[in-house]
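Coordinates in review
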Amino acid sequence: QVQLVESGGGLVQAGGSLTLSCTATVSIVSINVMGWYRQSPGKERELVATISREGRTNLADSVKGRFTIARGNPNSEVHLIMNSLEPEDTGVYYCKADSWLGKTRGSDYWGQGTQVTVSS
């Protein structure tokens, strides 16, 4: 019911910027919260940032002040604007979306992931 396509990953030097984008294709259900998670080798996938359809945001402490999450137009798009990137930000970034059928919450959906590599 939801397909997520990510783009924008790549290689950047420390201190640089990179913007990730995720586009959702939705059938029947609607999306409320979209967000980004990342995973480094040997580590569990962790929350980076989320944003609701109403614009409420939640960012991990490690990225506050450096990353910004925003919904695009149409609202099924989400962007992660990453500034002042650090080598510790390196990882595979995954787009995530919830799903709703009326007031009933359905499955969460994940994109394939896009690699972000920050060199020192």
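The text that follows walks through the structure, step by step, so that each part is easy to find. In every chain, residue numbers begin from 1 and rise along the written sequence. Restriction of local features to residues with pLDDT of at least 70 applies here, the model being predicted, together with a cutoff of 80 or more for giving and counting side-chain atom pairs; totals for whole chains, interfaces and linings are based on all residues. With hydrogens and water excluded, all non-hydrogen atoms of the structure serve as input to the side-chain values.

Quick word on the overall build of the protein chain
Looking only at helices and strands, the protein chain has zero helices and 13 strands in total. The helix and strand sequence of the protein chain, counted from the amino end, reads β-β-β-β-β-β-β-β-β-β-β-β-β. What the globule rule says is 2.2 Å times the number of residues to the power 0.38, and the radius of gyration is computed from C-alpha atoms. Here the C-alpha radius of gyration of the protein chain, 14 Å, is about what a compact globule of 120 residues would show, namely 14 Å. Note on contacts: a residue pair is in contact if any heavy atoms of the two residues lie within 4.5 Å. Relative to all contacts within the protein chain whose residues are 6 or more apart in sequence, the contacts with residues 24 or more apart total 52%. The positive charge centre, built from 11 side chains, and the negative charge centre, built from 11, are 6 Å apart in the protein chain. Only runs of H or I of at least four residues qualify as helices and only runs of E of at least two qualify as strands under DSSP, and these elements are numbered from the N terminus. Counted as positive: Lys and Arg. Counted as negative: Asp and Glu, with His and the chain ends omitted from the count. Lysine's charge is taken at NZ, arginine's at CZ, aspartate's at CG and glutamate's at CD.

Re the packing of aromatic side chains
Two rings belonging to Phe, Tyr or Trp (six-membered ring only in the last case) form a pair when the distance between their centres is within 6.5 Å. Interplanar angles under 30 degrees mark stacking, angles over 60 mark edge-to-face geometry, and anything in between is tilted. Taken as a whole, this structure holds one aromatic pair when the rule is applied. Between the aromatic rings of Tyr 37 and Trp 110, the centroid separation amounts to 5.1 Å while the plane-to-plane angle is 65°, which identifies the pairing as edge-to-face. Of the two residues, Tyr 37 sits in strand E4 (residues 34-39) while Trp 110 sits in strand E12 (residues 109-110), which places them 73 residues apart along the sequence. You can call Trp 110 partly exposed: its relative accessible area is 37%. Criterion for a charge above a ring: Lys NZ or Arg CZ within 6 Å of the ring centre, and within 35 degrees of the ring normal. Residue placement shows Arg 45 over the ring face of Tyr 94; its charged tip is 3.7 Å from the ring centre. Only protein chains enter the accessibility calculation, which uses a 1.4 Å probe. A residue is then buried if its area is under 20% of the maximum for its type, exposed if over 50%, and partly exposed in between.

Details of unusual backbone geometry
One non-glycine residue, Ile 28, lies in the positive phi region at around 70°. Within the fold, Ile 28 resides in the loop between strand E3 (18-26) and E4. In this structure Ile 28 comes out as exposed when scored by relative accessible area, which is 70%. Non-glycine residue Ser 84 carries a positive phi angle of around 50°. On the secondary structure map, Ser 84 appears in the loop between strand E8 (77-82) and strand E9 (91-97).

Structural notes on the state of the cysteines
Cysteine sulfur atoms that come within 2.5 Å of each other are treated as a disulfide pair. Using the criterion set out here, one finds one disulfide in the structure. Across the disulfide from Cys 22 sits Cys 95; the S-S distance is 2.1 Å. Residues Cys 22 and Cys 95 are joined by a disulfide whose S-S torsion is about -85°; by sign, that bridge is left-handed. In this pair, Cys 22 sits in strand E3 while Cys 95 sits in strand E9, placing the two residues 73 residues apart along the sequence. Summarising the burial analysis for this pair, Cys 22 and Cys 95 share the class buried.

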